[in-house]
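Each chain is listed here by its residues.
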Amino acid sequence: MSPADRSASDRQADAVAALRRIAFLLERAQASAYRSEAFRKAAVSVERQDPGRLGVLETTGALATLPSVGARTADVVAHVLRGKPVEYLDTLEEEYASSTLDPAAALLRAALRGDLHAHTEASDGSTPIQEMVLAAMELGHDYLAITDHSPRLTVANGLSAPRLRGQLEQVAALNRVVGPFRVLTGIEVDILDDGGLDQEPDLLDRLDVVVASVHSKLRMDRGPMTERMLAAVRNPRTDVLGHCTGRQIKGKSRPQSEFDARRVFDACAEHGVAVEINCRPDRLDPPHELLDVAIEAGCLFSIDTDAHAPGQLDWLPAGCERAAQHDLDPARIITTWPLEELLARSHR
């Protein structure tokens, strides 16, 4: 079908899709948030326009007069509306296609069904839930857990109990329209200094997934840190131990926390708490030597992206590579399990 044969609304949808795809690929490549957000904001603006008016603006060279549309994003829209290739998008797609996995990691990636750790603009993510869900669906996921931060992490705009309750209503509404895809309710709950979980227990009981992570006092002495983590792992509401060492290996680096890994991972195995294999390029947590300890302890695992933007949901291959390097049995990775089996293991 030639561009002339496509309706104005179809061409508009293509332009919106191109802008979102560019944003996705920039997020995946760890480009600056400013760049990717520019394309996402432009996509929202273009989507809100009347298709006929959009065509007039393209014809008159006035696309850049739209809110949140600049010269570069206007150029993308104009090319799509005219049925011409978008060189910038093609370049990004070529870079994306050039990334390959070894066979074992590729098989594991194909076996993954979803992601249990993702953030939205409700805390410190960059987009609404709907954008994260759309990206997860396009990646072929069966489900995505929304795990925004808990209230004590004020620097990340952690959710108070009333805000989290409001999010649960939003997720319920989404699930009525996105099936058979499933949006899972969740939280990345802060592990308090004494090992308690930073949210109301009754509210945690309502969630599908509780990821418990240490975000404060990361340099705590080894003994107290071990006891702190053990208390969180033994809590029946904890499903996943998030980025266990808290390390940062890129940008503003941060050394890993010190704790008795064998005791903590033995407790994870005993209580059915999955150890997260965090795929963020600046974390890649746990380190290889601790991953060995967790495997030997008999732990379950969850390969998660800890995504804060839609394109970051495609960081799962990094965790698959690490798991494959350790010959980790896919059956021990809960994100390969069918959704019904995954939810059945919940402590709630």
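Residues numbered from 1 in each chain as written. Predicted model: local features only at pLDDT ≥ 70, side-chain atom pairs only at ≥ 80, totals over all residues. Heavy atoms only, no water.

Colleague: Which residues make up the state of the cysteines, and what values go with them?
Modeller: Taken as a whole, this structure holds 0 disulfides when the rule is applied. The structure places no disulfide on cysteine 244, whose sulfur is separated from the nearest cysteine sulfur, that of cysteine 268, by 8.2 Å. No disulfide involves cysteine 268; its sulfur sits 5.1 Å from the nearest other cysteine sulfur, which is in cysteine 299. On the basis of relative accessibility, which here comes to 0%, the residue cysteine 268 falls in the buried class. (Disulfide = S-S within 2.5 Å. Buried < 20%, exposed > 50% of the residue type's maximum accessible area, 1.4 Å probe, protein only.)

Colleague: So what's going on with the environment of alanine 110? Residues and values would help.
Modeller: Inspection of the secondary structure puts alanine 110 in helix α6 (residues 103–111). With 226 residues separating them in the primary sequence, alanine 110 and threonine 336 have C-alpha atoms 9.0 Å apart. (Helix = DSSP H or I, 4+ residues; strand = E, 2+ residues; numbered from the N terminus.)

Colleague: Residues and numbers for the packing of helix α1 (residues 8–28) against helix α5 (residues 87–97), please.
Modeller: Packed helices, taken two at a time, are described by the angle their axes make and the gap between the axes. Two numbers describe how α1 lies on α5: the axes approach to 10 Å, and their chain directions differ by 40°. On the basis of their axis angle, the class for α1 and α5 is oblique. For the pair α1 and α5, the crossing hand works out as left-handed. Contacts from Ala18, Arg21, Ile22, Leu25, Leu26 and Arg28 in α1 reach Tyr88, Leu89, Leu92, Glu93 and Tyr96 in α5. Grouping the constituent residues of the contact of α1 with α5 by class yields 8 nonpolar, no polar and 3 charged. (Axes fitted to C-alpha atoms, helices over the stretch in contact; angles between N-to-C directions. Parallel < 35°, antiparallel > 145°, perpendicular 65-115°, else oblique. Left-handed = near helix turned anticlockwise from the far one by under 90°. Contact = heavy atoms within 4.5 Å. Nonpolar A, V, L, I, M, F, W, Y, C, P; charged D, E, K, R; others polar.)

Colleague: Before we move on, can you summarise the pairing of strand β6 (residues 274–278) with the specific residues and values?
Modeller: It is a general feature of regular strands that their side chains alternate between the two faces of the sheet. The buried fraction of β6 amounts to 5 of the 5 residues, a majority that puts the element mostly inside the structure. Alternating residues of β6 divide into Ala274, Glu276 and Asn278 and Val275 and Ile277, and every residue in both groups is buried. At this point the chain moves from strand β5 (residues 240–241), through helix α11 (residues 261–271), to the parallel β6, and the crossover so formed is right-handed. Each parallel crossover has a hand, and the one from β6 via helix α12 (residues 288–297) to strand β7 (residues 301–304) is right-handed. (Right-handed = clockwise from strand over helix to strand, strands pointing away.)

Any functional reading would require information beyond the geometric quantities listed.
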